[in-house]
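Close look at the chain arrangement
Okay, here's what each chain looks like letter by letter:
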Amino acid sequence: MGSSEEMGEEGNCPPAEDAKKYGVTKPISMSGPSDSDLQRNLDLEKVLESAGLYESEQQSTLRVEVLGQIEQIVNLWVKQVARDKGCTEQMVEESNAKVFTFGSYRLGVHGPGADIDTLCVGPEYANREEDFFIILHDVLAGMPEVTQLNRVPDAHVPVMKFKFRGISIDLLYASIALHIIPSDFDISQESVLYNLDEQSVRILNGCRVTDQILRLVPNVKNFRTTLRCIKFWAKQRGVYSNVTGFLGGVNWALLVARVCQLYPNAIPSMLVSRFFRVYTQWRWPNPVMLCSIEEEELGFPVWDPRKNPRDRTHHMPIITPAYPCMNSSYNVSTSTLRVMTEQFQKGNKICEDIEMNRAQWKTLFEPYQFFDAYKNYLQVDILAVDEDDLRNWKGWVESRLRLLTLMIERDTLGMLQCHPYPCEYVDPSKSCYHCAFFMGLQRKQGVPIQEGQQFDIRLTVDEFKQSVGMYIFWKPGMDIYVSHVRRKQIPSYVFPGGVRRSRCGRVPNQTGRTSPGVRECSPKTPNGNCEDETVEEGNGNSAEKANKRKYECVVDVDKAEKRAAVSPNDTNCISSLVSDVVNKSELLTQACSGKETDILNSDIGAETVLKHVEVIEKPSDGCVVTGDQLQLKSYDQKETSEEMGSGTEHPNSCVSRPGKYQNALDELE
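Residues numbered from 1 in each chain as written. Predicted model: local features only at pLDDT ≥ 70, side-chain atom pairs only at ≥ 80, totals over all residues. Heavy atoms only, no water.

A separate point is the overall build of the protein chain. Helices and strands together make up the secondary structure of the protein chain, namely 18 helices and 11 strands. Long-range contacts, defined here as pairs at least 24 residues apart, represent 70% of the contacts in the protein chain between residues at least 6 apart. With an accessible surface of roughly 31300 Å², the protein chain has 49% of that area assigned to carbon and sulfur atoms. (Helix = DSSP H or I, 4+ residues; strand = E, 2+ residues; numbered from the N terminus. Contact = heavy atoms within 4.5 Å. Areas by Shrake-Rupley, 256 points an atom, 1.4 Å probe, with all protein chains shown as cover.)

Counting buried residues in strand 1 (residues 98–102) gives five out of five residues, a clear majority hidden from the surface. In strand 1, alternate side chains face the same way, and those of K98, F100 and F102 on one face and V99 and T101 on the other are all buried. (Buried < 20%, exposed > 50% of the residue type's maximum accessible area, 1.4 Å probe, protein only.)

With that out of the way, let us pick up the pattern of salt bridges. If you walk through the whole model with that rule in mind, you get 19 salt bridges. For R306, the salt bridge identified is with D304, shortest N-O distance 3.0 Å. Residues D462 and K465 are paired through a salt bridge, measuring 4.0 Å at the closest nitrogen-oxygen approach. Placement of the pair is D462 and K465 together in helix 14 (residues 458–468), with a separation of three residues, close to one helical turn. If you follow the salt bridges from partner to partner, you end up with R274, R277 and E355 in one network. (Salt bridge = Lys/Arg side-chain N within 4 Å of Asp/Glu carboxyl O.)

Once that is clear, we can look at the packing of helix 10 (residues 268–281) against helix 11 (residues 334–355). In contact at an axis separation of 8 Å, helix 10 and helix 11 are set at 140° when each is read in the N-to-C sense. Here helix 11 runs oblique to helix 10, going by the angle between their axes. Taken as a pair, helix 10 and helix 11 cross one another with a handedness that is left-handed. Here V272, S273, R274, F275, F276, R277, Y279 and T280 of helix 10 lie close against helix 11, whose contacting residues are F344, Q345, G347, N348, C351 and E355. Split into classes, the residues belonging to the contact of helix 10 with helix 11 amount to six nonpolar, five polar and three charged. (Axes fitted to C-alpha atoms, helices over the stretch in contact; angles between N-to-C directions. Parallel < 35°, antiparallel > 145°, perpendicular 65-115°, else oblique. Left-handed = near helix turned anticlockwise from the far one by under 90°. Nonpolar A, V, L, I, M, F, W, Y, C, P; charged D, E, K, R; others polar.)

A few words on the sheet that holds strand 2 (residues 116–122). With respect to topology, five strands assemble into an open sheet ordered 1-2-5-4-3, the strand pairing being mixed. A strand with exactly one partner marks an edge of an open sheet, and here the two such strands are strand 1 and strand 3 (146–152). Taken pair by pair, the neighbouring strands of this sheet meet at an average axis angle of 25°, ignoring direction. In this sheet, strand 5 (residues 167–175) lies alongside strand 4 (residues 159–164) in antiparallel orientation, the contact comprising five bridges. Paired with F162 across the two strands is I169, which belongs to strand 5. Helix 3 (residues 57–84) rests against strand 1, strand 2, strand 4 and strand 5 of the sheet, and its axis sits at about 35° to strand 5. (Pairing = 2+ DSSP bridges.)

A surface patch of negative charge is lined by E129, E130, D197 and E198. Since its relative accessible area comes to 54%, E129 is described here as exposed. (Patch = residues over 30% accessible without salt bridge, like charges linked within 9 Å, V, L, I, M, F, W, Y side chains within 5 Å. Lys, Arg positive; Asp, Glu negative; His and termini not counted. Charge placed at Lys NZ, Arg CZ, Asp CG, Glu CD.)

Turning next to the environment of Q189. Locating Q189 in the fold gives a position in the loop between strand 5 and helix 7 (198–216). Each C-alpha atom of the pair Q189 and R208 lies 8.6 Å from the other, and the pair is 19 residues apart in sequence.

Here we take up the nonpolar core. Formed by 72 residues in total, the largest nonpolar core has its most connected members in I213, F223, W252 and F275. The greatest single-element share of this core, amounting to nine residues, is contributed by helix 9 (residues 249–262). Once you skip the residues sitting within four places of it in the chain, W252 turns out to touch L227, I230, W233, A234, V239, Y240, L247, F275 and F344. Grouped together as the second largest cluster of nonpolar side chains are 32 residues, I70, W77, A82 and V99 included. (Core = buried A, V, L, I, M, F, W, Y, C linked by side-chain atoms within 4.5 Å.)

So, on to the state of the cysteines. On inspection of all chains with the given rule, the structure shows zero disulfides. C291 forms no disulfide, and the closest cysteine sulfur to it belongs to C325, at a distance of 5.5 Å. Counting only cysteine sulfurs, C229 is the nearest neighbor of C351, a cysteine outside any disulfide, at a range of 7.8 Å. (Disulfide = S-S within 2.5 Å.)

Two elements in contact, helix 13 (residues 387–411) and helix 14, have axes separated by 9 Å at closest approach and are oriented at 150°. With respect to their mutual orientation, helix 13 and helix 14 come out roughly antiparallel. The two elements helix 13 and helix 14 meet at a crossing, and its hand is right-handed. Between helix 13 and helix 14, the contacting residues are W393, W396, V397, R400, L401, L404, M407, I408, R410 and D411 on the first element and T460, E463, F464, S467 and V468 on the second. A class-by-class count of the residues in the contact of helix 13 with helix 14 yields nine nonpolar, two polar and four charged.

Mapped onto the elements of the fold, N219 is located in the loop between helix 7 and helix 8 (220–236). Since its relative accessible area comes to 5%, N219 is described here as buried. Here K221 takes part through its backbone nitrogen, which lies 3.1 Å from a polar atom of the side chain of N219. (Polar contact = N/O pair within 3.5 Å; in protein donor to acceptor, adjacent residues only side chain to side chain.)

Below, the discussion takes up the confidence of the model for the protein chain. Per-residue confidence for the protein chain averages 77 on the pLDDT scale, and 72% of its residues sit at or above 70. Ranking the elements of the protein chain by mean pLDDT puts strand 10 (residues 623–626) last with 28 and helix 10 first with 98. The low-confidence segment residues 1–19, where pLDDT is below 50, has 32 contacts with residues more than four positions distant or belonging to other chains. (pLDDT = per-residue confidence, 0-100.)

The following block contains the structure:
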């Protein structure tokens with residue numbers, strides 16, 4: 001067992017007395033690595049290298065050049081703004097802006113193809129709404145080096161996304177109370193926050209938080225390697241996405257940094273194992289903090305559930321270390337927390353096996369088989385008329401998907417759990433510009449099954465589509481369709497090579513009989529897949545049954561639960577759910593062929609017998625209970641029907657265009 005003093009100079013751990021100063025509590029262990037830990041660390045680094053997580057020196061040089069060019073562009077832009085606003089020639093000459101990096105690039109954990117999170121700090125006369133999102137946008141649009149330009153001004157943190165010489169850039173902007181940005185401008189100083197609004201403070205805090213993380217970890221080199229590993233794992237397991245309600249780069253960085261504080265002398269192989277051990281046992285919603293929360297005289301609100309009722313609703317608080325301290329994981333819902341908790345437990349079990357030499361590191365990074373995990377899914381199809389429109393429209397819809405999760409949780413009182421999968425899919429057989437996202441659905445586990453219970457979420461889906469339709473840059477042809485698909489109906493294009501995986505099964509139940517609906521297969525390969533040839537599931541279904549299901553709006557709970565009860569091995573069954581009344585496959589085909597469909601006047605689902613679930617408790621704001629139906633709330637106070645949008649229909653579109661761009665879901669933010 002090596003001590004911290006015995007380690008080498010490069011990236012060695014601090015003495016024990018210094019390590020105790022990190023974090024809000026004392027370390028759990030001061031132990032260093034053993035010989036077996038060192039060997040496992042070498043094996044881990046080999047896996048990371050073989051996975052291609054490190055970029056070449058040539059790519060690193062290109063990033064530096066791109067950042068230099070972007071700084072030149074924003075300086076010329078600021079001078080143009082100063083001239084347009086009537087500043088003197090001397091002020092125009094002296095006007096400037098500075099570009100900072102944050103996120104994975106600043107932390108030193110970016111890989112090939114990763115974007116660069118950048119922040120432009122400009123003078124007070126250059127605003128974000130017009131000067132940044134219009135004038136600078138037009139400047140970039142006219143440059144041949146810039147491609148895939150997309151502005152997202154309505155995001156929680158407004159951003160402009162584009163590629164510059166092939167490098168993906170996320171550019172934020174904040175103006176501070178200065179006419180000239182000093183060359184030695186220190187963004188970590190709290191004085192830069194004077195006279196700024198909360199949105200500008202959030203934007204500046206990206207850089208401030210990144211710098212604080214690097215100051216608060218005991219060993220930066222070990223922190224970086226561990227974070228690379230955890231980010232790779234999170235992406236493989238489908239839980240790396242802040243926008244869909246999981247965790248993003250800064251969230252994972254904060255979680256890893258806290259583990260580094262708890263084990264200051266541990267090396268990456270040890271820290272990865274401790275990471276899963278700690279967060280498997282973590283009692284959420286206890287917050288993860290790298291330092292104590294301090295309130296300053298500037299008066300910005302900080303995360304404090306004792307004072308702020310809204311903070312008490314956060315499910316997985318991960319607090320940023322820079323003032324004003326905020327919860328960086330406010331997007332997490334009960335459903336996504338459940339998914340991450342399950343993945344932490346699986347990761348912990350694998351790491352225990354690795355330490356006992358029963359598994360290898362590659363087992364930890366096996367991709368998550370999302371389309372085998374659930375019996376029911378929501379499919380969200382996004383269409384546009386050209387590539388640029390699709391990119392903009394897709395970015396907006398993806399940023400709102402977490403609201404669909406929250407609304408389903410709200411309207412089903414948490415009984416229907418959602419698992420949004422942060423990957424997009426494209427059907428190569430379609431000629432139109434489109435993509436699709438999927439959400440797994442299941443009944444809340446551990447709750448007694450009610451005979452005949454159904455979940456009718458059509459109004460929930462309609463409300464979601466209405467909120468998405470408030471996109472201020474909406475254009476004709478930007479459409480969205482939401483539909484319910486069963487596992488057997490999942491389109492083949494979501495699978496690698498367009499070939500559906502065979503499902504392992506036909507496991508004898510306790511009585512010796514084979515569970516129905518599960519096939520036998522040949523022995524598993526080392527990665528856990530079946531070796532038999534891939535078979536399209538559900539081929540045995542008759543055309544009549546398939547046609548009947550095509551327009552089904554409510555799933556029969558009794559039948560679903562009876563089928564599930566026969567097979568004790570399948571724990572991912574869902575009682576029921578409701579799809580959009582539109583038949584997705586027909587609409588997509590018609591949209592791609594240019595045919596128009598009058599959805600509102602169609603008779604789709606006319607023969608379906610609809611049975612609404614009786615809601616006992618009153619849901620949260622946004623809907624009320626009338627009889628046995630769940631109905632949308634009628635806004636009769638300040639939020640009149642006019643303010644919520646008049647709603648005009650467009651052919652071949654499920655989206656209701658609002659009269660005004662008023663977000664009806666602010667309470668869900």
